[in-house]
Amino acid sequence: MDLQLKPMTRERMHQLYRDFAFDPDIFMDMSLMKEYRYDPARVDALYDKRAQEKNSFAFAIVLGEAVIGEVGLRHVDTEKKECELSIHMQNDSVKNRGYGTRAEKLALEYAFDTLGMEAVRADSVLKNKRSQRVLEKVGFRFVREEDIFRYYRLEKKDWRK
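Residues numbered from 1 in each chain as written. Predicted model: local features only at pLDDT ≥ 70, side-chain atom pairs only at ≥ 80, totals over all residues. Heavy atoms only, no water.

A. Highlighting the pairing of strand β6 (residues 141-146). Strand direction decides the pairing type here: β6 and strand β7 (residues 149-155), joined by five bridges, are antiparallel. Each residue of the ladder has a partner; that of E145, found in β7, is R150. In this structure, the hairpin formed by β6 and β7 is closed by a connection of two residues, where D147 is found at a positive phi of approximately 55 degrees. (Pairing = 2+ DSSP bridges. Helix = DSSP H or I, 4+ residues; strand = E, 2+ residues; numbered from the N terminus.)

Below you can see the structure in the form of structure tokens.
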């Protein structure tokens, strides 16, 4: 598997969103789900917004030469040595193949080994069982359920590459 994390660039973000599709599992209220349509101006605006975020790192998930998802480390708190992991895969064609699991492991390795984090948080909407299985597979422990989310945490001392 030639999967890598590369810094998110404007062009990589466009590659991601050209063939993006919403995942129904991220919508607890299906009436909120609309068909996704690629809009270059909106992708540029999203890239610009993310580029302004302080204390975050955005990576493209790249398989060969193709951008198949994005993973982020956000809300990096250097005093508490904690951050939050997020991931989005491009569409169903790249799901259930181990790519998300591998990308999360690479992001965790970066968080713990490069950034010096002691803990990483993550969450998942209740109905997104696939996301919850991946979080648990890479070592996250369930913390609590609140409203429509399940919250997870992984301590560096419990991390196994």
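Next comes the rest of the account.
B. Broad picture of helix α1 (residues 10-18). When α1 is considered as a whole, its buried residues turn out to be M13, H14, L16 and Y17. Along the axis of α1, the buried residues cluster in a sector spanning 160 degrees; they form a single face. (Buried < 20%, exposed > 50% of the residue type's maximum accessible area, 1.4 Å probe, protein only. Arc of directions from axis to C-beta.)

C. A look at the packing of aromatic side chains. Evaluation of the coordinates by the stated rule reveals six aromatic pairs. Each residue in the set F57, F59 and Y110 is aromatic and connected to the rest through ring pairs, giving one cluster. For R144, the ring lying beneath its charged end belongs to Y151, and the centroid distance is 4.2 Å. (Phe/Tyr/Trp six-rings, centres within 6.5 Å; stacked < 30°, edge-to-face > 60°. Lys NZ or Arg CZ within 6 Å of the ring centre and 35° of its normal.)

D. Molecular detail of the sheet that holds strand β5 (residues 119-125). Taken in spatial order, the seven strands make up an open sheet running β1-β2-β3-β4-β5-β7-β6, and their pairing is mixed. Unpaired on one side and paired on the other, β1 (3-7) and β6 mark the two borders of the sheet. Each neighbouring strand pair of the sheet contributes to a mean axis angle of 25 degrees, computed without reference to strand direction. Relative to strand β3 (residues 66-77), α1 is tilted by about 120 degrees, and along the sheet it contacts β1, β2 (57-63) and β3. (Axes fitted to C-alpha atoms, helices over the stretch in contact; angles between N-to-C directions. Contact = heavy atoms within 4.5 Å.)

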